[in-house]
Amino acid sequence: MRPARDATTDLRHAIDSLPVRTRGAMLDGIRAHPIVVGAYTDSDGGICPMLAAHRHGGRTTLLAFARAWDRYSGTGRVRRATRRELRTLEAHLEASLLADDDCDLAAAIADHDALRRRTVVAPEPDLRRTYPLLAARRLRPRR
């Protein structure tokens, strides 16, 4: 038997189960449309995140995501998603997309080192030329 997980963890697992294209489309969709919880649409033009993804090119249906989203919101009725819920969904989508991004860390470090070797460090400016009052002022030696 599977151990019980919290609603946020279930939401993250459901997001990670979506195809990359759908996650990107959902991210675009939740930024462009009013999002609701508890239903597919509402009477005021709000839509669920899966419909938002569908409208932005992510043609996937995943019932596990809808259930996890409604469980995370903890609602039994249709309502607009709160800012906190939307920020959480957006953060999980971004993190999931970044985790799936093919990033070769060794290549990135090598590129960074090569850039550092090519970069010429500019000499520090002479402050006495930039600020004439510094040139006129005598600095007392410390005791």
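Attention in this report is confined to the structure presented alongside it. (Residues numbered from 1 in each chain as written. Predicted model: local features only at pLDDT ≥ 70, side-chain atom pairs only at ≥ 80, totals over all residues. Heavy atoms only, no water.)

### Quick look at the nonpolar core
Judged by nonpolar contacts, the single largest core of 24 residues is most densely connected at Met26, Phe65, Trp69 and Leu89. Contributions of two or more residues to this core are made by α1 (7-17), α2 (20-32), α3 (49-55), α4 (63-73) and α5 (83-100). Not counting residues up to four positions away in its chain, the partners in contact with Leu89 are Ile15, Met26, Ile30, Pro49, Phe65 and Trp69. (Core = buried A, V, L, I, M, F, W, Y, C linked by side-chain atoms within 4.5 Å. Buried < 20%, exposed > 50% of the residue type's maximum accessible area, 1.4 Å probe, protein only. Helix = DSSP H or I, 4+ residues; strand = E, 2+ residues; numbered from the N terminus. Contact = heavy atoms within 4.5 Å.)

### Points about α2
Between its first and last C-alpha atoms α2 spans 19 Å; for 13 residues at 1.5 Å apiece the expected length is 18 Å, and the two agree. Residues of α2 that are buried include every one of Thr22, Arg23, Ala25, Met26, Leu27, Gly29 and Ile30, and no others. Tucked inside the fold, the buried residues of α2 contact α1, α3, α4 and α5. (Expected span 1.5 Å × (residues − 1).)

### Considerations on the packing of aromatic side chains
Tallied over the entire structure, the rule returns 1 aromatic pair. Consider the rings of Trp69 and Tyr72, whose centres lie 6.4 Å apart with planes at 25°: the pair is stacked. One end of the pair is Trp69 and the other is Tyr72, both in helix α4 and 3 residues apart, which spans about a single turn. Here the two residues Trp69 and Tyr72 agree in accessibility, since each one is buried. (Phe/Tyr/Trp six-rings, centres within 6.5 Å; stacked < 30°, edge-to-face > 60°.)

### A short note on the packing of α1 against α4
For the pair α1 and α4, the least separation of the axes is 8 Å and the interaxial angle reads 155°. Considering the angle they form, α1 stands roughly antiparallel to α4. Judged by the twist between their axes, the crossing of α1 over α4 is left-handed. Of the residues in α4, those touching α1 at Ala7, Thr8, Asp10, Leu11, Ala14 and Ile15 are Ala64, Phe65, Ala68, Trp69, Arg71 and Tyr72. (Axes fitted to C-alpha atoms, helices over the stretch in contact; angles between N-to-C directions. Parallel < 35°, antiparallel > 145°, perpendicular 65-115°, else oblique. Left-handed = near helix turned anticlockwise from the far one by under 90°.)

Keep in mind these numbers describe shape, not what the thing actually does.
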